[in-house]
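# Residue-level structural notes
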Amino acid sequence: MKKKAIIWIPWRRVKWLLAVQLVAGSIAGQAFIHASGAEPATPAWANPSDMAVRKVSEVGSAQSEPNFLSNLDCTLMTYRLVASSSMQTGCFTATAFGLVDTDSDTVIFNGTDEGLPLLPYSAHQVLVPWPQALDLVGLDATNNGGSYISLYKNPLGLLRDQRNVLGELTSKQLTAPPELTLKDSSGQPLVINPQTMAFSDNGSWLVAESLHGSFVRINLATLDVTNFGQAYATAGSPGVLKSQVAVSSDGRYVAINNETAGEFKVYDVASCGAASGEGIMGCRSYDYRQFVKGQVGGLQSIRHVRFINDGLLSFEAVSGDTAKSGIYELAPVSSITSLMDYIGLGDSYTAGEGAFDYLAGTDTAANSCHLSRNSYPLLLTHDLYSGAGGHSVACSGAVISDVGNTSDNYLGQMKDGLSLRELKQAQPALLNSVMANFLPGYVAQHAFVKQYQPQVTTVSVGGDDIGFGDLLQNCVEPHISWHVSDSTCYDTYEARLEVMQLIDRTIPRWTALYKQLLAESPGTQLYAVGYPQIIDDRGDCALNVHLNKSELEFSEELIDYLNQAISKAAAKAGVSYTDISQALAGHRLCETASYNVAVNGLTAGKDAGLLGINVLGKESYHPNALGQQLIEQTILRQTNNLTKALAATGNNNASAGQSLLNKPKSNRPINKLIPSSTLTNRVVKRGTSAQIRVDGLANGLKANSPYSVRLDGPAGPVLAVVVSDGNGTVSGSVTVPVSAEPGGHTIDVTGPNQIGDPVDVTQPVHVPGDVNDDDGDGVPDATDSCPTVANSGQDVDQDGIDDACDNLIGQPPGSSGPGSNGSGGSINTTNGNGANGSPQPPTTSTGGSSPNQQVGGAQGTPARGTGPANTGPGLPLALPSLTLASTSLSSGTTASSFSSSQSFTSRPFSTKLHATPGMPANANLGDKTVNPANVGAKGFKLPVNPTEKSGHFSKLRTINWLFWSCLLIFPLFLLILIAWSAWYLYQLGSQGGVHPYAGSR
């Protein structure tokens, strides 16, 4: 009797699960497409009571499967062959260590964009990529037309460089045979028809036709083999009798189409062994060929069969006299429709980081997705959809793999989260709740697209892949502390070229993601959304910007180049590109009065680091609630309310790449830049050790090779040398020197990648200064609203937060005019933080109501205490047009309340801008000027000229020095004048009114 597997979960995860269960209920979600009438708990593929087929699109011209192994999925790419200028084209499958082309045995390792031949151990062997896995599959031909199948468990540890006579790297070769040969149920080496090999999209299951009379399904975790269906091929014929094969992600269902036999069967492998059934082991199945033939006129052939989800198949059908192809969907239900109108995918700019008012459960220690009710996907949902409605599963910090990862080993974005495999096995109710209630951060975002098949999907991701937030932090840090020099970031040709090359290397990954989303939901209208410009380099900057003229230009040019890359990827994938680069025009940083901007400036952090020091807030330089509304309006205009397909070309600056490189050369070596958010702690104390770790697989590092850990770039001092493990992972500890200057630095891991290029894996870190006054501005951290930023001494809006780290500098209390605070004014958009981080209710205005007033009466400025900045949950008030109340996280909060908070009451669509706290009623969205009636922040802050190279804090220090000098000199001068006057009067009186210096007559 076979023992049941025991699933062991660490106690830290048990505690996490218990906490999660307080937030997430166990409401089961539907696992497949919507059908009329009641739906069964599982799809009835083997005994359907009804069936449906619908055409969803024409077939695109891009290749999507290898020429040799047509049951694998791949992405067509053009690449340069290493050590040559030769450009090649191949169709690549994603693995854990890179992209592999089966037809040419070529690998493009992660972190590189060059192809390298991958040679097997023996010349007659074919290497097959295992989707999302480290392992490789080896096929060795037999004399009967089949192949033995074996596994390389750790191919990276077996690779050896092959070089030519010039010492140039030409290929990689495996130096040992596969560790494991797969066997059939009788214990004999398994012989398969390689043309029928098919993996589930998560890489957990393998199906193939054996040459022993049956199809087999292999559990790749346990290597258990199940015979479930009659084979079509026999010895000597596998190359002729090809079958189109697909297996569902849970391994339960297998679809097989064989043109020669004229059969299109779907097997339920969970039924194997049943007394009444057909096929090997009595597994139940149903042949859909005749039904499909009746629905697709002139059907000639079926190919490229794939499971979209457990209850939905897609296939390509060739039909008619002209052999025209189309993509169709098949389901064992009466009709096929979308379960969802709309789903938004993406990173912090999509989630609404910076717009505050985060949904319950997304602003906790375990989940920092920061999904805001003010985010543009939820605004789109509110304005456009009813019925099936819409949702957002965007999560702050998401990279491309957080959207598209299909592996069961994916851990999500939760802190100490469970893998998808662990959720399936140990917490199925929690997984159902996540999927039913659209809880972000637990699973890869594409899973919601697969399950709900939305009519419209938007996706905006990639900023974190190029480390845009870290780039800004590297630019800001030199200007915010007394300790560090006021230098300019990325001010050389080489530094900017590295960033551009990083963006270029990301284009294939964007392309693959877009194609994946299209394949997983063929009927979806997909929009790839770019990024907005957040700064105007021609204007005057408020005290919370902290960027000089060169850095402002760099930010603008970089966003232009980023948008160009996204547009190129969208064009390659054949999806609509939505250009939002000018969405915030008129309301960008340095472009208008500070209270009228649509973007946060530097925001004090709320997540405590080492010694309680709060590093720069994640909300920094992100669109606020007004910004999210402006983005929504731009998307609506460009897409005709998400109904119009767009060309994949945006109105971007075509010369952005050239202008980016318009900097002097330092003649240093060019490195492959790899940003990392998990390299080490964000706060590193001098003289203490810090743990560092770099994932070798994800970053293309070499196994068993030395890597230098440095401070401040690839030319900085070496803190340690660490040898990577068998997967290339670098792990160890380093000590930041006691002599390190307090303030901003980077920790860098440098060394070669798999093709020998120098890499720089980098992360910004903050090195604290004085234990009680980190930034050295004379204000103790305990009472400093900007503990890591030198205080400016300005607090225009008198909110208790110094303007140097105030995300939005509002108008002074009592200012008159439309949109002002206090009497007669609308509420301010700054987040309401009270003392000790407690959110305080907004104060009530004593005057008349503003045109933008909230329902129930006008509101004054939200009270903000004098405690640490940004420690509360964010905006205390939702937008007036969003009628939902905020839900707070408590032990009684359920997942269903979380879900309902994403759903909005339907109302007629209107293109009118939502009433926004802090925005003047008569503001012109496209106008860069401000109504003179509104007394703006420019009248109350020190003027800053961004054309000067030095940051504005150097000027502020000079002004402060002159101010204090004058303050000391003036009383001294006054005392001298009084003393001289007294002496003069005394002398005058003693001489009878005659001037003491008068001559005698």
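Quick look at the structure, then. (Residues numbered from 1 in each chain as written. Predicted model: local features only at pLDDT ≥ 70, side-chain atom pairs only at ≥ 80, totals over all residues. Heavy atoms only, no water.)

## Examining the overall build of the chain
Counting secondary structure elements, the chain contains 16 helices and 37 strands. Relative to its full complement of 1001 residues, the chain shows a buried share of 58%. As presented, the chain carries roughly 38400 Å² of accessible surface, and 54% of it is formed by carbon and sulfur atoms. (Helix = DSSP H or I, 4+ residues; strand = E, 2+ residues; numbered from the N terminus. Buried < 20%, exposed > 50% of the residue type's maximum accessible area, 1.4 Å probe, protein only. Areas by Shrake-Rupley, 256 points an atom, 1.4 Å probe, with all protein chains shown as cover.)

## Overview of the sheet that holds strand S20 (residues 284–287)
Judged by pairing direction, the sheet is antiparallel, and its four strands sit side by side in the order S17-S18-S19-S20 without closing on themselves. Strand pairing shows two members of the sheet lacking a second neighbour, strand S17 (244–247) and S20, which therefore form its edges. For this sheet the average axis-to-axis angle between neighbouring strands, irrespective of direction, equals 15 degrees. Here strand S18 (residues 253–258) pairs with strand S19 (residues 263–268) via six bridges, running antiparallel. Paired with alanine 255 across the bridge in S19 is valine 266. (Pairing = 2+ DSSP bridges. Axes fitted to C-alpha atoms, helices over the stretch in contact; angles between N-to-C directions.)

## Here we look at the pattern of salt bridges
Once the charged atoms of two side chains with opposite charge are near each other, the side chains can pair. Under the criterion given, the structure shown has 26 salt bridges. The residue aspartate 73 makes a salt bridge to arginine 306 at a minimum N-O spacing of 2.8 Å. Residue aspartate 73 is found in the loop between strand S1 (52–58) and strand S2 (75–81), and its partner arginine 306 is found in strand S21 (residues 299–309); the two are separated by 233 residues along the sequence. Overall, the relative accessible area of 11% leaves arginine 306 in the buried class. Across the pair arginine 289 and glutamate 259 runs a salt bridge whose closest N-O atoms are separated by 3.0 Å. Remark: glutamate 259 occurs in the loop between S18 and S19 and arginine 289 occurs in helix H2 (residues 289–295); sequence separation between them is 30 residues. Each of Asp161, Arg163, Lys172 and Lys702 takes part in salt bridges that share partners, so that together they form one network. (Salt bridge = Lys/Arg side-chain N within 4 Å of Asp/Glu carboxyl O.)

## Structural notes on the pairing of strand S7 (residues 125–129)
By the criterion of burial, S7 is predominantly enclosed, with four of the five residues buried. Across five bridges, the pairing between S7 and strand S8 (residues 136–141) is antiparallel. For valine 128, the partnering residue across the bridge sits in S8 and is valine 137. The loop that links S7 with its antiparallel partner S8 comprises six residues; one of these, glutamine 132, has a positive phi angle of about 65 degrees.

## Some words on the environment of glutamine 173
Relative to the helices and strands, glutamine 173 resides in strand S11 (residues 169–174). Residues glutamine 173 and serine 122, spaced 51 residues apart in sequence, show a C-alpha to C-alpha distance of 9.6 Å. If we ignore the near neighbours within four places in the chain, the residues touching glutamine 173 are Leu119, Pro120, Tyr121, Leu158, Leu159, Arg160 and Gln162. For glutamine 173, the side chain forms a polar contact with the main-chain oxygen of proline 120, separated by 3.4 Å. (Contact = heavy atoms within 4.5 Å. Polar contact = N/O pair within 3.5 Å; in protein donor to acceptor, adjacent residues only side chain to side chain.)

## Focus: the packing of aromatic side chains
The geometry of two aromatic rings is summed up by the distance between their centres and the angle between their planes. Counted according to the given criterion, the structure contains 17 aromatic pairs. Ring plane angle 90 degrees and centroid distance 6.1 Å describe the contact between tryptophan 45 and phenylalanine 307, whose orientation is recorded as edge-to-face. Taken together, the positions of tryptophan 45 in the loop between helix H1 (11–23) and S1 and phenylalanine 307 in strand S21 put the pair 262 residues apart, joining distant regions of the chain. Accessibility expressed as a relative area gives 0% for tryptophan 45, which makes it buried. When the ring of phenylalanine 97 is compared with that of phenylalanine 109, the centres are 6.2 Å apart and the planes differ by 45 degrees; the resulting orientation is tilted. In this pair, phenylalanine 97 sits in the loop between strand S3 (87–94) and strand S4 (98–101) while phenylalanine 109 sits in strand S5 (residues 106–109), placing the two residues twelve residues apart along the sequence. For phenylalanine 109, a relative accessible area of 2% translates into the label buried. Ring-pair connections join several aromatic residues into one group, and the members of that group are Trp45, Tyr286, Tyr288 and Phe307. The aromatic ring of tyrosine 493 is capped on one face by lysine 665, whose charged end is 4.7 Å from the ring centroid. (Phe/Tyr/Trp six-rings, centres within 6.5 Å; stacked < 30°, edge-to-face > 60°. Lys NZ or Arg CZ within 6 Å of the ring centre and 35° of its normal.)

## Let's talk about helix H10 (residues 493–520)
Taking 1.5 Å per residue as the helical rise, H10 with its 28 residues ought to reach 40 Å, and the 41 Å between its terminal C-alpha atoms agrees with that figure. Its maximal kink placed at threonine 506, H10 deviates by approximately 30 degrees, while the proline proline 508 follows within four residues. (Expected span 1.5 Å × (residues − 1). Bend = angle between axes of the 7 residues up to and from the residue.)

## Examining a nonpolar patch on the surface
Together, Phe973, Leu974, Leu977, Ile978 and Trp980 give the surface a local cluster of nonpolar side chains, amounting to about 530 Å² of exposed area. On the secondary structure map, phenylalanine 973 appears in helix H16 (residues 952–990). (Patch = residues over 30% accessible without salt bridge, like charges linked within 9 Å, V, L, I, M, F, W, Y side chains within 5 Å.)

## A few points about the packing of H10 against helix H11 (residues 549–573)
It is at 8 Å that the axes of H10 and H11 come closest, and there the two elements cross at 35 degrees. Pair H10 / H11 crosses with right-handed handedness. (Left-handed = near helix turned anticlockwise from the far one by under 90°.)

## With respect to the sheet that holds strand S22 (residues 312–319)
Strands in a sheet are paired, the pairing made by backbone hydrogen bonds, and the direction either parallel or antiparallel. An order of S1-S23-S22-S21 is seen for the four strands of this open sheet, with the pairing classed as antiparallel. Of all the strands in the sheet, just S1 and S21 have a single pairing partner and so form its edges. The mean angle between the axes of side-by-side strands here comes to 30 degrees, regardless of whether they run parallel or antiparallel. Inspection of the sheet shows S21 paired to S22 by seven bridges, in the antiparallel sense. Within the sheet, the bridge partner assigned to arginine 303 lies in S22 and is glutamate 316.

## Re the nonpolar core
Formed by 102 residues in total, the largest nonpolar core has its most connected members in Val443, Phe448, Val459, Trp510 and Tyr514. Those residues within four positions of valine 459 in sequence are excluded, and the remaining contacts are Leu345, Val403, Leu513, Tyr514, Leu517, Leu526, Tyr527, Ala528 and Val529. Core analysis: the next-biggest nonpolar cluster, separate from the first, contains 23 residues, Leu679, Val694, Leu701 and Ala720 among them. (Core = buried A, V, L, I, M, F, W, Y, C linked by side-chain atoms within 4.5 Å.)

## Some words on the pairing of S22
Burial analysis of S22 places eight of its eight residues in the buried class, which makes it a mostly covered element. Of the two faces of S22, the one carrying Leu312, Ser314, Glu316 and Val318 and the one carrying Leu313, Phe315, Ala317 and Ser319 are both buried. As consecutive antiparallel partners, S21 and S22 are separated by two residues. Of the strand pairs in this sheet, S22 and strand S23 (residues 324–331) are connected by seven bridges, and their pairing is antiparallel. Each bridged residue has a counterpart across the sheet, and for leucine 313 the counterpart in S23 is leucine 330.

## As for unusual backbone geometry
With phi around 50 degrees, aspartate 105 is a residue other than glycine that occupies positive phi space. Positioned with a positive phi, asparagine 667 is a non-glycine residue whose angle comes to about 65 degrees. Following the sequence through the fold, asparagine 667 ends up in the loop between helix H13 (656–660) and strand S29 (672–675).

## Observations concerning the packing of helix H9 (residues 468–476) against H11
Taken N-terminus to C-terminus, the directions of H9 and H11 make an angle of 170 degrees; their axes are 11 Å apart at the nearest point. Between H9 and H11, the angle is such that the two are roughly antiparallel. Facing Phe468, Leu471 and Cys475 of H9, the residues of H11 in contact are Glu551, Phe554, Ser555, Leu558 and Ile559. Per-class residue counts for the contact of H9 with H11 are six nonpolar, one polar and one charged. (Parallel < 35°, antiparallel > 145°, perpendicular 65-115°, else oblique. Nonpolar A, V, L, I, M, F, W, Y, C, P; charged D, E, K, R; others polar.)

## Examining the state of the cysteines
Counting across every chain of the model gives six disulfides. Bridging cysteine 369 to cysteine 395, the disulfide has an S-S length of 2.0 Å. Taking the sign of the S-S torsion, -80 degrees for the link of cysteine 369 and cysteine 395, the bridge is left-handed. Of this pair, cysteine 369 sits in the loop between helix H3 (348–351) and helix H4 (376–384) while cysteine 395 is found in the loop between strand S25 (390–392) and helix H5 (400–404), placing the two residues 26 residues apart along the sequence. (Disulfide = S-S within 2.5 Å.)

## Here we look at the environment of leucine 636
Topologically, leucine 636 is positioned in helix H12 (residues 625–639). For leucine 636 and leucine 380, which are 256 residues apart along the polypeptide, the C-alpha to C-alpha distance reads 8.1 Å.

## Re H11
Between its first and last C-alpha, H11 extends 37 Å over 25 residues, near the 36 Å set by a 1.5 Å rise per residue. Burial within H11 is extensive, with 21 of its 25 residues counted as buried. Looking at where H11 begins, the residue whose side-chain oxygen comes 3.1 Å from the main-chain nitrogen of serine 550 is asparagine 548. In the stretch just after H11, glycine 574 is the one whose phi turns positive, near 75 degrees.

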